[in-house]
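Examining the three-dimensional arrangement
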Amino acid sequence: MEPNSTAELRRWFTTHGGFIHPFVSLSQGKFGLSAIAQDTIDADTTIVSCPFSLAIDVECSLHALIVLFGESFLIDLQSWSERQLICTYICLHWFIIHHSPIPDALRHLPYLKSLPPADALLTPLQFTPTELQAFRGTNIYGATRDRQESWSADWNKCQTFIHAVNSDWAERYTWYVDKYLRASTYLSTRAFPSTLLSRSPTLQTTSSSYPFMLPGVDILNHSRGQPVSWCTSYPEGSTKERDGSATISIISHTTTLLGEEVFNNYGLKANDELILGYGFSLPQNPDDKITLQLGGSSNKWAIGRLASGAEGLWNEVRRLVAETPEEIGYEDDLEAAQLLLDMVQKKYESLPGLPDENDASIRPAVRLMLKHYLEGQRDILTSLKIHFKEKQEAAVEAARDEGIELVFDDE
């Protein structure tokens, strides 16, 4: 028997055209819903389908805000970002939750009630100051500060607008805990790229795509490498690129046994992306990466484990140190290798240590994310040391081939 909140979600979802496989039970945990098989589910089975009409996207949000605020504010609302529109639409459900009747334009309340409470959200924007400080020296620390500043500025613009429309709503349109930050975190942790809402769905983002939410579909948690397919189905005769009657489905290509969780696959994501965007991490994540950038350069190099992707950085430094980039010699390679070895060592030494397990100021889940992240960063940096040391040794051999024996200090 499903809890009342999940049973309400299922009723609402199926009433509005959604589909959840009858062998899938929705289990409510501290961090949200999980999909559990109540009987064996064969491979190549559709697990969940959601009609485009239930998506929380720009079209849905803008329509609702125009209904609630009035047509006269259309031009103002069209200047908002996708995040501002969607998050404000979500927040409005919480403003009027005790009003009766709830406006028809706000139709996602049963779905929003099924999402984790504010105190269960665990992206870095929900970290305590002490917990965030533990990440100082990592890319996550700076990215979190940037995201908080950006989202806060977005909220401030929306709050100012809403105050001019309805001062009572504006007073409840707060940043912390249960309003804009919570809505933004839902969008971050449960988002799919809008490229899925097309006749050829893909998880690959583009310059024009934006995050949106798919009720029902987001109940499936992530498992790396899980074989799934996304499939769109349009009504016969439909020629629209975006048809509200169309559905998007997840098909699982593995057999799921009784009691096992049914998973989705979010794609290949490094731990920094998982932590920042979703609030969890994977141990020894093979997709981990580190981003390195030379001072004064616009190039950012994403380096993976085993120094994958390092050649672009190596070649940039070689061209930088060479007097004649078209004629790079062993002296240039030696200088480039040493410069990069110093750079990598400095980055390695700047990484923070792992807080003690008994440190009560750091929640265990946060400490675990930091542990997973640091393992990946240190492994990548160690592989870069080996990679650039090999470049250095190759330069020494090239000099020897020219009859020059290089001698280095033991230091």
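As the structure is a computational prediction, the values presented were derived from the model and not from experiment. In every chain, residue numbers begin from 1 and rise along the written sequence. Totals for whole chains, interfaces and linings use all residues, but because this is a predicted model, local features are given only for residues with pLDDT of at least 70 and pairs of side-chain atoms are given and counted only at 80 or more. Side-chain numbers come from the whole structure's heavy atoms, not from hydrogens or water.

With that settled, consider the confidence of the model for the chain. Looking at the chain as a whole, the pLDDT averages 90, with 94% of positions reaching at least 70. Confidence of the predictor at the level of single residues is given by pLDDT, which spans 0 to 100. Helix and strand definitions follow DSSP, with helices as H or I runs of at least four residues and strands as E runs of at least two, each counted in order from the N terminus. Per-element confidence in the chain ranges from a low mean pLDDT of 77 for helix H8 (residues 167-172) to a high of 97 for helix H6 (residues 129-133).

This part is about the side chain of glutamine 392. For glutamine 392, the location among the structural elements is in helix H13 (residues 364-401). Throughout, a contact is declared for two residues whenever any of their heavy atoms are within 4.5 Å. Leaving out residues up to four positions away in the same chain, glutamine 392 has contacts with Leu334, Ala337, Gln338 and Leu341.

Type-normalised accessible area, obtained with a 1.4 Å probe on protein chains alone, sets the label of each residue: buried when under 20%, exposed when over 50%, and partly exposed for intermediate values. Burial along strand E8 (residues 228-233) is one-sided: Val228, Trp230 and Thr232 are buried, while Ser229, Cys231 and Ser233, pointing the other way, are not. Should DSSP find at least two bridges between two strands, the strands are taken to pair. Both E8 and strand E9 (residues 247-252) contribute to a ladder of 6 bridges, which runs antiparallel. Bridging from a neighbouring strand, serine 229 pairs with isoleucine 251 of E9.

For the rest of this paragraph, the subject is the packing of aromatic side chains. In this scheme Phe, Tyr and Trp rings, the latter by its six-membered ring, pair at centre separations within 6.5 Å, and the angle between planes marks the pair as stacked below 30 degrees, edge-to-face above 60, and tilted otherwise. Evaluated as defined, the whole model comprises 10 aromatic pairs. With centroids separated by 5.2 Å and ring planes inclined at 80°, the aromatic side chains of tryptophan 80 and phenylalanine 161 adopt a geometry described as edge-to-face. You can see tryptophan 80 sitting in the loop between helix H3 (74-78) and helix H4 (82-95) and its partner phenylalanine 161 sitting in helix H7 (residues 139-165), a full 81 residues away along the chain. Taken together, the ring pairs in this structure connect Phe69, Phe73, Trp80 and Phe161 into an aromatic cluster. The side chain of arginine 182 reaches across the aromatic face of tryptophan 94, ending 4.5 Å from its centre. One residue, lysine 385, lies across the ring of tyrosine 348, its end atom 4.1 Å from the ring centre. Two conditions define a charge sitting above a ring: the NZ of Lys or the CZ of Arg must be within 6 Å of the ring centre, and it must be within 35 degrees of the ring normal.

Here the focus is unusual backbone geometry. Excluding glycine, residues mostly carry a negative phi; peptide bonds, for their part, are mostly trans. Positive phi is not limited to glycine here, since glutamine 284 has a value of about 45°. Looking at the element boundaries, glutamine 284 is found in the loop between helix H10 (271-278) and strand E11 (289-292). On the basis of relative accessibility, which here comes to 62%, the residue glutamine 284 falls in the exposed class. You will see that alanine 307, though not glycine, has its phi angle at about 60°, which is positive. With respect to the helices, strands and loops of the structure, alanine 307 is situated in the loop between strand E12 (301-304) and helix H11 (310-321). Under the relative-accessibility criterion, alanine 307 is labelled buried at 7%.

This part is about the packing of H11 against helix H12 (residues 330-350). To define axes, lines are fitted to C-alpha atoms, for helices over the stretch in contact only, and angles between the resulting N-to-C directions are given on a 0 to 180 degree scale. Following both chains from N to C, one finds H11 and H12 inclined at 120°, their axes separated by 9 Å at the closest point. Taken together, the axes of H11 and H12 are oblique relative to one another. Here H11 runs over H12; the crossing is right-handed. The segment H11 lies against H12, with Leu313, Trp314, Val317, Arg318 and Val321 engaging Asp332, Asp333, Glu335, Ala336, Ala337, Leu339 and Leu340. For this scheme, ten residues count as nonpolar: Ala, Val, Leu, Ile, Met, Phe, Trp, Tyr, Cys and Pro. Four count as charged, namely Asp, Glu, Lys and Arg, and the remainder, Gly too, count as polar. Split into classes, the residues belonging to the contact of H11 with H12 amount to 8 nonpolar, no polar and 4 charged. Working rule for angles: under 35 degrees goes down as roughly parallel, over 145 as roughly antiparallel, 65 to 115 as roughly perpendicular, anything else as oblique. Each helix crossing is assigned a hand: it is left-handed if the near helix lies turned anticlockwise from the far helix by less than a right angle, otherwise right-handed if that turn is clockwise.

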